[in-house]
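Below, each chain spelled out in residue letters.
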Amino acid sequence: MSLASPLLLSPCPTSFGRTAGAPVQPRARHPKSQRQPVSPITLPSGDSRREPLCCLCSSSSTASPMPLEASVRTSQVRDCLLYSRAFWVSERVIAWNLEIGEGSCYLCASRIAGLTFDDDGITGYDLRVELEVESSPLPSNVIEKFPHIKRYRQFKVPLDLDVRDLVKSQLAVTYFDTEGRLIEGTGLQLPGVLDELFSYDGPLGAHYTEEAICLHLWAPTAQAVSVCIYENPLDQNPMEIIPLKEANGVWSMEGPSSWEGWYYVYEVSVYHPSTLKVEICYANDPYARGISADGSKTLLVNLDSDDLKPEGWGKLAEEKPCLSSFSDISIYELHVRDFSANDHSVDPEVRGGYLAFTLTNSAGVNHLKKLSDAGLSHIHLLPTFQFGSVSDEKEKWKSVDTNPLEKSASDSPEAQAQITEVQNDDGYNWGYDPVLWGVPKGSYASNPSGSCRILEFRRMVQALNHIGLRIVLDVVYNHLYANGPHDKNSVLDKIVPGYYLRMNHDGFIENSTCVNNTASEHFMAGRLIHDDLLNWAVNYKVDGFRFDLMGHLMKSTMVKAKEALSELTKETDGVDGSSIYLYGEGWDFGEVAQNGRGINASQFNLCGTGIGSFNDRIRDAILGGSPFGHPLQQGFITGLLLRPNSHDQGSESDQELMLSIAKDKIEVGMAANLKDFVLTDHEGKEVKGSEVLRHDGTPVAYASQPTETINYVSAHDNETLFDIISMKTPMGHSAGERCQINHLASSMIGLSQGIPFFHAGDEILRSKSLDRDSYNSGDWFNRLDFSYSSNNWGVGLPPREKNKQNWPLIKPRLRDPSFKPQSSHIISAFHNFLDVLRIRYSSPLFRLRTANNIQERVRFHNSGPSAIPGAIVMSIEDGHKGIPGLSQIDPLYSYIVVIFNARPSELLFHSPVIKGRNLKLHPIQIESEDEVVKKSVYDSSSGCFTVPGTTTSVFVEPRNS
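The residue numbering used here restarts from 1 in each chain and proceeds along that chain's sequence as written. The model is predicted, so local features are restricted to residues of pLDDT at least 70 and side-chain atom pairs to those at 80 or more, both for listing and for counting; the totals for chains, interfaces and linings are taken over all residues. Just so you know, side-chain values use all the structure's heavy atoms and leave hydrogens and water out.

Observations regarding the overall build of the protein chain
Item 1. Secondary structure elements are taken from DSSP: a helix is a run of H or I of four residues or more, a strand is a run of E of two residues or more, and numbering for both begins at the N terminus. Looking only at helices and strands, one finds 24 helices and 38 strands in the protein chain.
Item 2. In terms of overall dimensions, the protein chain is globule-like: its C-alpha atoms have a radius of gyration of 29 Å, near the 30 Å expected for 961 residues.
Item 3. When its C-alpha atoms are laid out on the principal axes, the protein chain stretches across 95 × 65 × 60 Å.
Item 4. Each residue's exposure class comes from its accessible area (1.4 Å probe, protein chains only) as a fraction of the maximum for that residue type: buried when under 20%, exposed when over 50%, partly exposed otherwise. Looking at the protein chain residue by residue over its 961 residues, the buried ones come to 63%.
Item 5. Considering only residue pairs separated by 6 or more positions, the protein chain has 73% of its internal contacts joining residues 24 or more positions apart.
Item 6. Per-residue accessibility takes into account occlusion by the displayed protein chains alone, with areas from the Shrake-Rupley method and a 1.4 Å probe. Just so you have it, the protein chain exposes about 33,300 Å², and 50% of that area is on carbon and sulfur atoms. Based on C-alpha atoms, the radius of gyration is set beside the globule rule, defined as 2.2 Å times the residue count to the power 0.38. Only heavy atoms matter for contacts: two residues are in contact if any of them lie within 4.5 Å across the pair.

Looking at the sheet that holds strand 35 (residues 920-921)
Item 1. Spatially, 31-32-33-38-35 is the arrangement adopted by the five strands of the open sheet, whose pairing is antiparallel. Edge positions in the sheet fall to strand 31 (858-861) and strand 35, since each of these pairs with one other strand and no more.
Item 2. Only strands joined by at least two bridges in the DSSP assignment are considered to pair. Pairing geometry for strand 31 and strand 32 (residues 871-877), over four bridges, is antiparallel. Counterpart to His861 in the pairing with strand 32 is Val873.
Item 3. Running at roughly 25° to strand 32, helix 16 (residues 652-670) makes contact with strand 31, strand 32 and strand 33 (893-901) of the sheet.
Item 4. Every axis in this analysis is a line fitted to C-alpha atoms, fitted for helices over the stretch in contact. Angles between the N-to-C directions lie between 0 and 180 degrees. Helix 18 (residues 735-750) rests against strand 32, strand 33 and strand 38 (951-958) of the sheet, and its axis sits at about 145° to strand 33.

Topic: the confidence of the model for the protein chain
Do not read the fine detail of predicted coordinates wherever pLDDT is low.
Item 1. A residue-level look at the protein chain finds 92% of positions with pLDDT of 70 or above and a mean pLDDT of 92.
Item 2. Per-element confidence in the protein chain ranges from a low mean pLDDT of 48 for helix 1 (residues 70-77) to a high of 99 for strand 19 (residues 331-334).
Item 3. The predictor attaches a confidence to each residue, and that confidence, scored 0 to 100, is pLDDT. Note that residues 5-75 has pLDDT below 50 and, in this model, 252 contacts with residues that lie over four places away or in other chains.

A short note on helix 15 (residues 616-623)
Item 1. Within helix 15, eight of the eight residues are buried, which leaves the element mostly enclosed by the surrounding structure.
Item 2. Its buried side turned inward, helix 15 meets strand 26 (612-615), helix 16, strand 29 (709-711), helix 17 (721-728) and helix 18.
Item 3. Polar contacts, as used here, are pairs of N or O atoms within 3.5 Å; protein pairs need one atom able to donate a hydrogen and one able to accept it. Residues neighboring in sequence count only if both atoms are side-chain atoms. Two or three places before Arg617, at the start of helix 15, stands the capping residue Asn615, its side-chain oxygen 3.1 Å from that residue's backbone nitrogen.
Item 4. Looking at the residues trailing helix 15, positive phi occurs at Gly624, about 105°.

Looking at unusual backbone geometry
Item 1. One non-glycine residue, Asn248, lies in positive phi territory at about 55°.
Item 2. As for its placement among the helices and strands, Asn248 is situated in the loop between strand 14 (245-247) and strand 15 (250-256).
Item 3. The backbone of Asp294 sits at a positive phi, close to 60°, despite the residue not being glycine.
Item 4. By the secondary structure assignment, Asp294 is in the loop between strand 17 (277-283) and strand 18 (298-299).

Quick word on the packing of helix 10 (residues 452-466) against helix 12 (residues 523-540)
Item 1. At a minimum axis separation of 10 Å, helix 10 and helix 12 run at an interaxial angle of 70°. Taken together, the axes of helix 10 and helix 12 are roughly perpendicular relative to one another. For the pair helix 10 and helix 12, contact is made by Ile454, Phe457, Arg458 and Val461 and by Trp536, Asn539 and Tyr540, respectively.
Item 2. Each residue gets one of three labels, nonpolar for Ala, Val, Leu, Ile, Met, Phe, Trp, Tyr, Cys and Pro, charged for Asp, Glu, Lys and Arg, and polar for the others, Gly among them. Here the contact of helix 10 with helix 12 is composed, by residue class, of five nonpolar, one polar and one charged. Any angle that is under 35 degrees is reported as roughly parallel, and any over 145 degrees as roughly antiparallel; angles of 65 to 115 degrees are reported as roughly perpendicular and all others as oblique.

Things to note about helix 9 (residues 414-422)
Item 1. Within the span of helix 9, buried status applies to Ala415, Gln416, Ile419 and Val422. For helix 9, the buried positions fall inside an angular range of 140° around the axis, keeping them on one side.
Item 2. Looking at the buried residues of helix 9, the elements they touch are helix 8 (403-406), helix 19 (778-782), helix 20 (800-803) and helix 21 (807-815). This arc is taken over the directions from the axis of the helix to the C-beta atoms.

Looking at the sheet that holds strand 20 (residues 378-381)
Item 1. Taken in spatial order, the eight strands of this closed barrel run 19-20-23-24-25-26-29-30, and their pairing is parallel. With direction set aside, neighbouring strand axes in the sheet form an average angle of 30°.
Item 2. Inspection of the sheet shows strand 23 (residues 470-475) paired to strand 24 (residues 544-547) by four bridges, in the parallel sense. Its bridge partner being in strand 24, Val475 is matched across the sheet by Phe547.

Quick word on the pattern of salt bridges
Item 1. Any carboxyl oxygen of Asp or Glu that lies within 4 Å of a side-chain nitrogen of Lys or Arg is treated as forming a salt bridge with it. Under the criterion given, the structure shown has 44 salt bridges.
Item 2. Close ionic contact of Asp548 with Arg546 constitutes a salt bridge, the shortest N to O distance being 3.2 Å. The exposure classification of Asp548 matches that of Arg546, with both residues buried.
Item 3. With a closest N to O distance of 2.6 Å, Asp878 and Arg959 form a salt bridge.

Shown next as structure tokens:
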């Protein structure tokens, strides 16, 4: 998802670009996943429940009992079972938001789902027991687990009731007044009681021995489970249908080892609240490790089989690129298909897939080698699990003839019209539509059936490791693609309906993340996430995980995951778990905001965990505005005050203040966004990072250690860096000037403390023709060109869905030939980017490992009211062996000064503090192909720095000087 910060004012922001207080533009991943506000009784997309026309329980607020006329009551009560407003929170406690009088409350159950409300009450039950009303509040452990119902009343369940069996039935609670009239009734949400009675830590999925294959499925509400065995993926009729036996909610069976390589599907008989029926559901194994094309069946595959291991696979842990500290990480975010779909040095048969990464001399691989050689440590791959928005079978894909589009005008609407026509049936999507978390996506494999995808994925990981790059997987545990008993892409909601997906107060699925929010606060949902992470770490030897909308997971889920991964060892697991890094989107919005469902994994809550989260503060201050504000709002590098565009940025004094505040935020971000880092703000006050505030009054800084901050200016969501700069800078700028600004932004991220994150192509001026959300815009708008001949600017108006409102701003820019960079600009930008990486890795001072080290060594000059606008001056000091004070950590340099000059003109900066030091321009910049940066000068006698306009200059004090 997106890398934006959440909006406090909207129920459904996007993810990789949200900023509190700015207007939200919902983003969809596929036609069903529009992030739109959902009213309490609106059914989520894909849910088969109809919206009731009239219901006694039409509000989730506390209802006051009141008698109704019989003619009205009949029509109003019959649909109440569509709701589940009561919560069975523990074996003996049901919570219900109900104010009662002298009447009676009952729990009713029907094994065959025969419950019916009518004007005479409720019928069709095979069990009816009275509940005891409890006057005291809910138990503290219940409130901790379900804080959103903390004010609900508790009702006691009789001690002699067999709850373990009862949860397999259709359930309802009812309230009758003293005259026997039904006043209220509703269904029940069961996760609390399921967790208490059926939490399980034994084997799940398929397990292999020489003699047998054992299957285990957690399904405590199922009435019956069978497994259908198929010899081939296309078989319509199973070879066998075998019932499973249940023990404490876990269904198991043992089959012959000869089944390996065959396929299976579970047949689950279970009451499903979305249809009010006992349904026969056919589902894949949630612990599937292989599947057929498009996931119609689960493959019985033993990942330990030697046939699935590339040559040397067992030695890969010893061959991993060196990683001494998480502070040494730098991340390059890349989409698997983007990497090679447009690379003509790659055989057409493997373009867009895993095997393209295994080539030794393609343009794309050579590009990655250069990045790796310069110091880049990690490749972050957008979703590579089985997602639902692209068919695995390439022969089903639709495409357009792009030859005519190559000749169309740069602002033509033709490309977007044609791409949009086939976008849901082509081979492109970012992939944030999870179907099965634990299986590689089939569309990226040569053959989507069988075990091919497993072997090729491993070969990709091995090949990238061998060129010096570790692998991060983008995992999406916050939502699922489908729900309900019949959707082919629904899995978890077929097996334990109403458990894995998070429900609102009315019992409908929460959709704040896009669609079908998951509930990691439920024990077995959290366990499934942990087991899946271990699967990818152990079986695919990946090196890190980026969590989509991490704030929608619980903090405990993330901490336990980190602990479990860190315990992996080379000796036991073939993996060094201590080198696996976790980070994600810590946005705090939706139903989980302000710990609404428990302590969630949001930016502020993760402080002290060592888990990273994206720093939207530095992004917005550098670029200006937010991804959801006016697209022409300028920031520190895009011209605020110093080179205004046509948009009204406010008065000159307003702009001066905005620019100085942006500088404070950037400096905090460059100090790894540490809460306790002390700096001098624009007013001349000594303040901590947590005392620098955003426009909504929340602190800028939230981290306690540098590896908790991911600094970035662009990512897959929203416009590319070059496109953002092209929107915000004045129309009269040249392509060369925009290239300089692009480099300035990258250098600010690359030379900051914390972990730098770059979107693939930003280093070569990548454009998506100003598309702000290219999740489904096809190869045409997402093209990467590693031949460096084009940056994909001006390939037509971006798709109407997310961009039409900005077309009046976009058209004149796309039409203007001065916006389009030449190949020389692209190559120059790439060389400059490599220089930034080389400089970062030339000194450990750019990668300080502790908050204390950053506080002691990093200083910002040009501060206070007299600061020169548009310039940041940062120094990093090292100690000397044998001299009291700072310890020495850099063998080459004792002092570094970095000056970021966002001004269009030359900067002269005098520093009495730095005066007298023997500083020289960094050797890498002296040897740079950038002739401008070579004009940077430092005069020791006066302490004066001279830095050209729109330039980042690095000065170092060599130890041998």
